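# Chain and residue survey
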Amino acid sequence: MDEHQTARLQIYSVEERSATTAACIVRCVEGIARAEQTFEIEFAAGQGHSQQHLRLDWILRYEKPADFLEPPHNGKVHLTGEGIEDLTRGTIIRRVDIESDPGE
């Protein structure tokens, strides 16, 4: 499995939400999503993407913890980050690579 492959998840529903966290039912539509990966919201063609990052904290498949989610499977995920309020049914989130700060 290519760890740098793009992964995309489509939000089916937002089950729980706070200002910076959400538990969502999702469908994996591309690639392999794993816990601890970083995602951003994809907007419609020509509208760009969000600069706010969401961390995928955990994945449940059939109510059991899972290491990954691949197409065409559904699961429940927990996301943390800014931009949680933009998550609605049909929203696509895309995995992004975050380069570490050289000053760290």
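Above this note sits the structure.
The present account deals with the structure reproduced in this document.

Under the counting rule described, the total for this entry stands at 7 salt bridges. One salt bridge connects Arg8 with Glu30, and the closest N-O pair in it is separated by 2.6 Å. Placement of Arg8 in strand E1 (residues 8–17) and of Glu30 in strand E2 (residues 21–30) is noted, with a sequence separation of 22 residues between them. A salt bridge links Arg8 to Glu42; the nearest nitrogen and oxygen atoms lie 2.8 Å apart. Placement of the pair is Arg8 in strand E1 and Glu42 in strand E4 (residues 38–42), with a sequence separation of 34 residues. What makes Glu42 partly exposed here is its relative accessible area of 23%. Each of Arg8, Glu30, Glu40, Glu42 and Arg94 takes part in a single network of salt bridges with overlapping partners.

Another point: the nonpolar core. Within the largest apolar cluster, 20 residues are counted, with the highest numbers of intra-cluster contacts made by Leu9, Cys24, Leu79, Leu87 and Ile93. Of all the elements in the fold, those that place two or more residues in this core are E1, E2, E4, strand E5 (54–61) and strand E8 (74–81). Sort the elements by how many residues they give to this core and E2 lands first, with 4 residues. Among all residues touching Cys24, those that are not within four sequence positions of it are Ile11, Ser13, Val14, Glu15, Gly75, Lys76, Val77, Leu79 and Leu87.

Attention shifts here to the pairing of E8. Looking along a regular strand, one sees the side chains alternate between the two faces of the sheet. Relative to E8, E2 runs antiparallel, the two being bridged by 7 bridges. The partner of Thr21 across the bridge, within E8, is Thr80. Where E5 and E8 come together, 6 bridges link them in antiparallel fashion. Of the residues in E8, the one forming a bridge with Ile59 is Val77.

Parameters and conventions
Residues numbered from 1 in each chain as written. Predicted model: local features only at pLDDT ≥ 70, side-chain atom pairs only at ≥ 80, totals over all residues. Heavy atoms only, no water. Salt bridge = Lys/Arg side-chain N within 4 Å of Asp/Glu carboxyl O. Helix = DSSP H or I, 4+ residues; strand = E, 2+ residues; numbered from the N terminus. Buried < 20%, exposed > 50% of the residue type's maximum accessible area, 1.4 Å probe, protein only. Core = buried A, V, L, I, M, F, W, Y, C linked by side-chain atoms within 4.5 Å. Contact = heavy atoms within 4.5 Å. Pairing = 2+ DSSP bridges.

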